[in-house]
Amino acid sequence: MTAQIIPSKTSAEVALAEAFGTARAKLPGNAEVAQLREASFESFSKAGLPHRRIESWHYTDLRALMREALPLAQPPGAEAIAALGKEMRAAGLPAQSLVLVDGVFIPELSAKLPEGVRVSSLAAALAEGRRDVVTALSAEWAGVKDPIVSLNAALMQDGVVIDIAPGTKLDAPIRLVYASVSATPVAHFSRSLVLVGTGASVQISETSFGSGGRKGQINNALVIVGGDECDIAHTLSLTDTEPGSLRLESFMVKLGAKAHFDSFALITGGGIVRRQIFLRFDGADTKANLRGVSLLRGREHADTTLFVEHCAPGCEGRENFRYILDDEAVGVFQGRIHVAPAAQKTDSKMLCKALLLTDKVAMNSKPELEIFADDVVCGHGATCGGLNEDQIFYLQTRGLTFAQAEALLLDAFGGELVDELPDESLVAAFRAEIAAWLAKRPQGARL
Amino acid sequence: MLEIRNLTVSIGDKTILQGLNLTVRDGEVAALMGPNGTGKSTLSYVCAGKSGYNVTSGEVLLDGVNLLELDPDVRAARGLFLAFQYPTEIPGVATMTFLKAALNAQRKQRGEEELSTPAFMKKIKAASDMLGIKSDMLKRSLNVGFSGGEKKRMDILQMALLEPKFGILDETDSGLDIDALRIVADGVNALRAPDRAFLVITHYQRLLEYIVPDTVHIMAQGRIVRSGGKELALEVEKSGYKNYEATAAA
């Protein structure tokens, strides 16, 4: 007698299959896109929700953490958009803002961008079957094989596609502003693409509008394709996740030769956050800098996982991530750096530092280097610990109270990476967000 | 006036200070000399309030108030200042931000108003000019990437800004070249005042050529074994500490 093992689907997996079954006919895209969606869903379905036995998801077991799948978001209604528009006008959105509401691009709330920049909705690009956009959906693109990215490709409802013409230089950042009008927690799947032409220079900043803007289950993907000699600075403020929410952010970046790429993310807020960065050096002599600060308290869980692929020679990669963990929070950092045989003269350094403020927090830090070229410099480091007592004492001898000394050191720990950002207004904004997070800490809580 | 009475301090099972007595009057510069490992730095840390030391007896009175019962920041606000042998590096905290935070924290503890930015800048400029500290150093992270001399000058700059009643200089001369030594000594001398006193801890007589003390105290095996005028430093320079260690052991 032979026993056949049939893996049982979780209720969330069953609900996702049902949601795809119902929605597929209505999801945007031509026949080719529809086929890609089918293939993507099948790929997800085979793997199921990632769980602890999948190495890259070991510390963020979605099969256990995602008990249910929320209903798919409906496109926002005209009335809700009008009300939101009023709110946005009153608050004053920064220049060059492109607004996405529940994952849907809303041109009437968005700014007109200067010459050299073309903007369309993802839905329109999929409907017309734009070649470069469709190519970027396939699983093989940039070597991204991840069930959550596949799920995003299957169910993506909308997003924005930004084309930056070769040689365009933009002084102010293009802002992707996320907002929500859904009254109940929903799931939404969105994907945006930024295609940066040769020699173009651009800043992309992802922020949110309003409080409670990101409730529910969000599977968001941002794809950046940088041409040769481009210069891209990206920031993400992920500070609005509501408690009980699930936030899955996939950031896929592919860079040409002699390009320069810089990215910073601040993560605070409730619920479970998984941010995965797929960075591929496709052209020679490119430099990329990935940075992030995660500030977690309560029972928050934030995972940043990097997949950095060095495929071309002479590239430089810097990955620098910091965590401050309070209460019973859980931090995860995984950094996989793969250096292909052709990527000689790769220079890569990765560092993760975590400050643990209680003995109930957990930090999981895992670097992985896979080096197949023989002439490279690759290093990594990780630290976990409390605040330095000598530093606290030094500050106290100058008159700062214990609480003041602690606050100054925590602010410095997070702020140090922020200060490296090229734009002063972004530095000020992120430092203010860190200060706001610290201000909510009970004063003088002894370590 | 600082009075240390019968101070006994241990770390774990080891007794470091053994019933130490020392008085430094207002306006006085007292030098504390002694061989390695005799407890000079322990004395400075205990006065400033570092944790990890077990005070088994005695008191440290600044103008009659026992500092040992106060947190380190309260001691600072009451006028105690410690210039560290090895000033701590604090990455990410801009020196200027730190100086302002320290000054205002002390003023707040004393119930004084915060200093306005122009008044603060004026004070900073005067002190940094005196110590040859360039303005770009004030923008950098505190003590990070500073040379040994720069770190010591930064500590003296803090002392000039905070205007303590009592300054302890823990081997401020260590690691300084002759020019830096002179700058630091000039900085300290400029702060000498009838209502301010100093305890200058050093191994060598050299620093005392620049900061001329009123009294010299020799420490051995955890207590003061001899006190005298500035000529005592010269005597130590000639004969070393051996005789005093023998005295302490007797």
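If you're wondering where the values come from, they're calculated on a predicted model, not measured in any experiment. (Residues numbered from 1 in each chain as written. Chains lettered and ligands numbered in written order. Predicted model: local features only at pLDDT ≥ 70, side-chain atom pairs only at ≥ 80, totals over all residues. Heavy atoms only, no water.)

**Q** Where do I start with the overall build of chain A in this structure?
**A** Summing up its helical and strand segments, chain A has 10 helices and 19 strands in all. A compact globule built from 447 residues should have a C-alpha radius of gyration of about 22 Å, and chain A, at 22 Å, falls within 12% of that. Counting only C-alpha atoms and orienting by the principal axes, one finds that chain A spans roughly 70 × 70 × 45 Å. Considering chain A as a whole, with its 447 residues, one finds that 57% of them fall into the buried category. Counted over contacts in chain A with a minimum sequence separation of 6, partners at least 24 positions apart contribute 84%. (Helix = DSSP H or I, 4+ residues; strand = E, 2+ residues; numbered from the N terminus. Rg over C-alpha atoms; globule rule 2.2 N^0.38 Å. Buried < 20%, exposed > 50% of the residue type's maximum accessible area, 1.4 Å probe, protein only. Contact = heavy atoms within 4.5 Å.)

**Q** Would you mind showing me how to read the overall build of chain B here?
**A** Tallying secondary structure elements over chain B gives 10 helices and 12 strands in all. In terms of C-alpha radius of gyration, chain B reaches 18 Å, essentially the compact-globule figure of 18 Å for 250 residues. Based on the C-alpha atoms only, the size of chain B along its principal axes is roughly 60 × 40 × 35 Å. Residues counted as buried form 53% of the 250 residues belonging to chain B. Put simply, of all contacts in chain B between residues at least 6 apart along the chain, 69% involve residues at least 24 apart. Between the mean site of the 30 positive side-chain charges and the mean site of the 31 negative ones, chain B shows a separation of 2 Å. (Lys, Arg positive; Asp, Glu negative; His and termini not counted. Charge placed at Lys NZ, Arg CZ, Asp CG, Glu CD.)

**Q** Before we go on, may I ask you to explain the packing of aromatic side chains in this structure?
**A** The way to describe two aromatic rings as a pair is by their centre distance and the angle between their planes. Per the counting criterion, the structure on display carries 12 aromatic pairs over all chains. Grouping aromatic residues by their ring pairs yields a cluster made of Phe393 and Tyr394 of chain A together with Tyr45, Tyr53, Phe84 and Phe98 of chain B. Just above the ring of Phe413 of chain A sits the side chain of Arg322 of chain A; from NZ or CZ to the centre is 4.9 Å. Stacked on the ring of Tyr394 of chain A, the Lys or Arg Arg398 of chain A has its end atom at 4.7 Å from the ring centre. (Phe/Tyr/Trp six-rings, centres within 6.5 Å; stacked < 30°, edge-to-face > 60°. Lys NZ or Arg CZ within 6 Å of the ring centre and 35° of its normal.)

**Q** Just to check I follow, could you spell out the sheet that holds strand E4 (residues 160-164) of chain A for this structure?
**A** Backbone-to-backbone hydrogen bonds join strands into a sheet, with any given pair of strands oriented parallel or antiparallel. All names here are of chain A. The strand order across the open sheet built from nine strands is E3-E4-E6-E8-E10-E12-E14-E16-E18, with neighbouring strands paired in mixed fashion. Of all strands in the sheet, those with a lone pairing partner are strand E3 (117-121) and strand E18 (362-371), marking the two edges. Averaged over neighbouring strand pairs, the angle between their axes works out to 10° when direction is ignored. The pairing of E4 with strand E6 (residues 186-196) spans four bridges and is classified as parallel. Bridge pairing links Asp163 to Leu195 in E6. (Pairing = 2+ DSSP bridges. Axes fitted to C-alpha atoms, helices over the stretch in contact; angles between N-to-C directions.)

**Q** Is there a simple way to explain the domain arrangement of chain A in this structure?
**A** The accessible area lost on association of the parts is a frequent measure of interface size. All names here are of chain A. Looking at the assigned domains, one finds that chain A contains domain 1 (11-386) and domain 2 (387-447). In this assembly, 29 residues from domain 1 lie in contact with 20 residues from domain 2. Among the residues domain 1 hides against domain 2, the three largest losses belong to Arg297, Arg322 and Leu357. Together they make up 27% of the total. The interface formed by domain 1 and domain 2 contains three salt bridges. Measuring nitrogen to oxygen at the nearest pair gives 2.5 Å for the salt bridge that ties Arg291 to Glu420. Here domain 1 and domain 2 share seven residue pairs in polar contact (both at pLDDT 80 or more) between them. (Domains from an automatic or database assignment. Buried area = accessible area lost by both parts, 1.4 Å probe. Salt bridge = Lys/Arg side-chain N within 4 Å of Asp/Glu carboxyl O. Polar contact = N/O pair within 3.5 Å; in protein donor to acceptor, adjacent residues only side chain to side chain.)

**Q** It is not clear to me how the nonpolar core should be interpreted in this structure. Could you clarify?
**A** One recurring pattern in soluble globular proteins: nonpolar side chains tend to sit buried together. Formed by 107 residues in total, the largest nonpolar core has its most connected members in Ile4, Leu7, Leu20, Leu43, Phe166 and Leu199 of chain B. Here this core gets nine residues from one element, more than from any other, and that element is helix H9 (residues 402-418) of chain A. When residues of this core are assigned to domains, at least three map to each of domain 1 (11-386) and domain 2 (387-447) of chain A. Apart from the residues lying within four places of it in its own chain, the contact partners of Ile4 of chain B are Leu20, Asn21, Leu22, Leu43, Cys47, Glu59 and Val60 of chain B. Among the nonpolar cores identified, the runner-up in size contains 55 residues, and Leu98, Leu222, Leu296 and Val308 of chain A belong to it. (Core = buried A, V, L, I, M, F, W, Y, C linked by side-chain atoms within 4.5 Å.)

**Q** What should I look at first to understand empty space enclosed by the protein in this one?
**A** The method is simple in principle: a probe with the dimensions of a water molecule rolls over the atoms, and the space it marks as empty is what remains. All names here are of chain A. Per the stated rule, a full pass over the model turns up eight cavities of 30 Å³ or more. Taken as a whole, the second largest cavity encloses approximately 80 Å³ of empty space. If you trace the second largest cavity, you find it lined by Leu16, Leu49, Met66, Ile148, Leu151, Ala187, Phe189, Gln217, Ile218, Asn219, Leu246 and Leu248. At three residues, the largest contribution of residues to the lining of the second largest cavity is made by strand E8 (residues 216-226). Of the residues that constitute the lining of the second largest cavity, the class distribution is 10 nonpolar, two polar and no charged. (1 Å grid on protein atoms, 1.4 Å probe; cavity = no way out; pocket = protein on both sides within 12 Å on 5 of 7 lines; lining within 4 Å. Points joined across faces, edges and corners; volume = space filled by probe spheres on them. Nonpolar A, V, L, I, M, F, W, Y, C, P; charged D, E, K, R; others polar.)

**Q** What should I look at first to understand the state of the cysteines in this one?
**A** What is meant by a disulfide is a covalent connection between two cysteines, made through their sulfur atoms. Residues and elements named next belong to chain A. Taken as a whole and judged by the stated rule, the model has zero disulfides over all chains. Lacking any disulfide linkage, Cys311 is separated from the closest cysteine sulfur, that of Cys315, by 8.9 Å. A relative accessible area of 22% places Cys311 in the partly exposed class. (Disulfide = S-S within 2.5 Å.)

**Q** Teacher, can you tell me more about helix H1 (residues 11-23) of chain A here?
**A** Because each turn of an α-helix spans 3.6 residues, side chains separated by three or four positions in sequence point in the same direction. All names here are of chain A. Taking 1.5 Å of rise per residue, 13 residues should cover 18 Å, and H1 covers 18 Å from first to last C-alpha, within 8% of that figure. Here H1 has its buried residues at Ala12, Glu13, Leu16, Phe20 and Ala23. Mapping the buried residues of H1 onto a view down its axis gives an arc of 100°, with all of them on the same face. Of the exposed residues in H1, those oriented more than 90 degrees away from the buried face are Ser11, Glu18 and Thr22. Where H1 is buried, its residues touch helix H2 (31-47), helix H3 (62-65), helix H7 (147-155) and E6. (Expected span 1.5 Å × (residues − 1). Arc of directions from axis to C-beta.)

**Q** I tried to follow the interface of chain A and chain B on my own but got confused; where do I start?
**A** Taken residue by residue, the interface counts 16 residues in chain A and 30 residues in chain B. Roughly 1900 Å² of surface becomes buried between chain A and chain B when both sides are summed, with 65% attributable to carbon and sulfur atoms. Of all residues in chain A, Phe393, Tyr394 and Arg398 of chain A give up the largest surface area on contact with chain B, accounting jointly for 39% of the area buried on that side. Applying the counting rule to chain A against chain B returns two salt bridges. Salt-bridge contacts for Asp390 of chain A lead to Lys50 of chain B; the nearest nitrogen and oxygen are separated by 3.4 Å. On the surface where chain A and chain B come into contact, there are nine residue pairs in polar contact (both at pLDDT 80 or more). Of all the secondary-structure elements, those providing two or more residues to the side of chain A that touches chain B are helix H8 (389-397) and H9 of chain A. With seven residues, H8 of chain A is the single largest residue contributor to the side of chain A that touches chain B. Per-class residue counts for the side of chain A that touches chain B are seven nonpolar, six polar and three charged.

**Q** Would you explain the pattern of salt bridges in this entry?
**A** Residues and elements named next belong to chain A. Tallying each qualifying case throughout the model produces 37 salt bridges over all chains. Of the charged contacts in the structure, one is a salt bridge between Arg63 and Glu13, with a shortest N-O distance of 3.4 Å. You can see Arg63 sitting in helix H3 and its partner Glu13 sitting in helix H1, a full 50 residues away along the chain. Residue class for Arg63 comes out partly exposed when judged on its relative accessible area of 30%. According to the relative accessible area criterion, Glu13 is buried, its value standing at 4%.

**Q** Any chance you could explain helix H3 (residues 95-109) of chain B here in plain terms?
**A** In this model H3 of chain B runs 21 Å from its N-terminal to its C-terminal C-alpha over 15 residues, within 8% of the 21 Å that 1.5 Å per residue would give. Turning to H3 of chain B, its buried residues number three or more, namely Thr95, Phe98, Leu99, Ala102, Leu103, Asn104, Ala105 and Gln106 of chain B.

**Q** Honestly, the side chain of Ser40 of chain A in this entry has me stumped. Any pointers?
**A** All names here are of chain A. Among the structural elements, Ser40 can be located in helix H2. Exposure remark for Ser40: the relative accessible area of 10% places this residue in the buried category. Apart from the residues lying within four places of it in its own chain, the contact partners of Ser40 are Ser150, Ala153 and Ala154.

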